[in-house]
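Structure at a glance
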Amino acid sequence: MRIRVIDLETTGTEKTDAVVEIATWDLFEGRVVPTGHAQLINPGRPIPPEVSAIHHITDEDVRDAPPFDHSARYALLGDVDAFCAHNAKFERMWITDELTGGKPWICTLRCAYRVWPEAPGHSNQALRYWLKPEGLDRQIASVAHRAGPDAYVTTFTLRELLKKASIEDLIKWTAEPAILPRVPFGKHRGMSWKDVPIDYLSWVLRQTDMDEDVIATAKHWLRK
């Protein structure tokens, strides 16, 4: 089984934004395997300075880089059984089913919520330092918020998840709303959902502006 892990850096967080870097790593039969693909991409528009401040990619860096379509198709080549990203909902705004042939996805963020609700944080880097996965090379993993290092770290998170759950479970959880470990808003912000009073869970379900993950989490703990 070969799972290709993808990370993108972009000009922003909306679907109307553009990709500036793509990188991939593979998890093959439990081994973290380099694909050799990490490519800057010309987004065809300026990179906002506040975004460059996150990934440190500038207009000068991407001026002579190839376009996204060419780079993405090259990055996805090969006999791959599934695709993976940390917060895959983001990557899938640009890595479409047309590019992947409709193969299944695994979101390590959604799955980490399920498998490790007790983790102190569920970002790529928080999980990295909490899990301390064997074999992770700190030099390769640096610097955060670049596509190559982030894809590398995500591949180790995926490997650790597969020690706790089957690939079928990970694909299933990815397709479902997330079960959030902590309340992200309001008077109970930061509290574990399992400790939230029942009347507050009921109140959440009466609201019309909650996202699907919050609704699914409230329903999950009401059933519990």
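Described in the following lines is the structure provided in the data block.

We now examine unusual backbone geometry. Across the junction of serine 142 and valine 143, the peptide omega takes the value 10°, indicating a cis bond. For valine 143, the position within the fold is in the loop between helix H8 (138-141) and helix H9 (147-161). Notably, histidine 56 is not glycine yet its phi reads approximately 65°, a positive angle. Relative to the assigned elements, histidine 56 resides in the loop between helix H1 (49-55) and helix H2 (59-62). Positioned with a positive phi, asparagine 87 is a non-glycine residue whose angle comes to about 65°. With respect to the helices and strands, the residue asparagine 87 is situated in the loop between strand E4 (82-85) and helix H4 (88-91). The class of asparagine 87 is partly exposed, set by a relative accessible area of 34%.

Contact geometry of helix H7 (residues 124-131) with H9 gives a least axis separation of 10 Å together with a crossing angle of 55°. What the angle tells us is that H7 and H9 run oblique. The element H7 and its partner H9 pack so that their crossing is left-handed. Residues Asn124, Gln125, Leu127, Arg128 and Leu131 of H7 lie in contact with H9, whose contacting residues are Asp150, Val153, Thr154, Thr157 and Glu160. When grouped by side-chain class, the residues that make up the contact of H7 with H9 number three nonpolar, four polar and three charged.

Before going further, it helps to spend a moment on the packing of helix H11 (residues 198-206) against helix H12 (residues 212-223). When two helices pack together, their arrangement is given by the angle between their axes and by how far apart the axes lie. One can describe the packing of H11 onto H12 by two numbers: an axis separation of 9 Å at closest approach and a directional angle of 140°. Helix-helix and strand crossings are classified by hand; for H11 and H12 the assignment is left-handed. Across the interface between the two elements, Ile198, Leu201, Ser202, Val204 and Leu205 of H11 pack against Val214, Ile215, Ala218, Lys219, Trp221 and Leu222 of H12. Class assignment for the residues of the contact of H11 with H12 results in nine nonpolar, one polar and one charged.

Residues three or four positions apart in an α-helix share a direction because the helix packs 3.6 residues into each turn. All buried positions along H11 are accounted for by Tyr200, Leu201 and Val204. Each buried residue of H11 lies within a common arc of 105° when the element is viewed along its axis, so the set occupies one face. Those residues of H11 that are exposed and aimed more than 90 degrees away from the buried face are Ile198, Asp199 and Arg206.

Once that is clear, we can look at the side chain of glutamine 125. By the element assignment, glutamine 125 lies in helix H7. At a separation of 2.9 Å, a polar atom in the side chain of glutamine 125 contacts the side chain of arginine 128. If we skip the residues at most four places from it in the chain, glutamine 125 touches Ala144, Asp150 and Val153.

Now for the sheet that holds strand E3 (residues 31-40). If you walk across this open sheet you meet the five strands as E3-E2-E1-E4-E5, and the pairing is mixed. The open sheet is flanked by E3 and strand E5 (105-107), the only strands paired with a single partner. Going across the sheet, the axis of each strand differs from the next one's by a mean of 25°, ignoring polarity. Across the face of the sheet, helix H3 (residues 68-75) comes into contact with strand E1 (2-10), strand E2 (19-28) and E3 while running at roughly 5° to E2. Against the sheet, H9 contacts E1, E2, E3, E4 and E5, and its axis sits at roughly 30° relative to E2.

Let's shift gears to the pairing of E1. Counting buried residues along E1, eight of its nine residues qualify, which places the element largely inside the surrounding structure. As paired strands, E1 and E2 are joined by nine bridges and run antiparallel to one another. Looking at the pairing, arginine 4 lines up with aspartate 26 of E2. With three bridges connecting them, E1 and E4 associate as parallel partners. Bridge assignment links arginine 4 to a residue of E4, and that residue is phenylalanine 83.

In this section: the nonpolar core. Burial of nonpolar side chains together is a common tendency in soluble globular proteins. If you look at the biggest cluster of nonpolar residues, it comprises 33 residues, and the most contacted ones within it are Ile6, Ile22, Phe68, Ile95, Trp193 and Val204. Every residue in contact with isoleucine 22, bar those within four places of it in the chain, is listed here: Ile6, Asp7, Leu8, His37, Ala38, Gln39, Ile41, Ser71, Ala72, Ala75, Ile95 and Ala147. Residues Leu27, Leu131, Ala151 and Phe156 belong to the second largest nonpolar core, which totals 26 residues.

The rules behind these values
- Residues numbered from 1 in each chain as written.
- Predicted model: local features only at pLDDT ≥ 70, side-chain atom pairs only at ≥ 80, totals over all residues.
- Heavy atoms only, no water.
- Helix = DSSP H or I, 4+ residues; strand = E, 2+ residues; numbered from the N terminus.
- Buried < 20%, exposed > 50% of the residue type's maximum accessible area, 1.4 Å probe, protein only.
- Axes fitted to C-alpha atoms, helices over the stretch in contact; angles between N-to-C directions.
- Parallel < 35°, antiparallel > 145°, perpendicular 65-115°, else oblique.
- Left-handed = near helix turned anticlockwise from the far one by under 90°.
- Contact = heavy atoms within 4.5 Å.
- Nonpolar A, V, L, I, M, F, W, Y, C, P; charged D, E, K, R; others polar.
- Arc of directions from axis to C-beta.
- Polar contact = N/O pair within 3.5 Å; in protein donor to acceptor, adjacent residues only side chain to side chain.
- Pairing = 2+ DSSP bridges.
- Core = buried A, V, L, I, M, F, W, Y, C linked by side-chain atoms within 4.5 Å.

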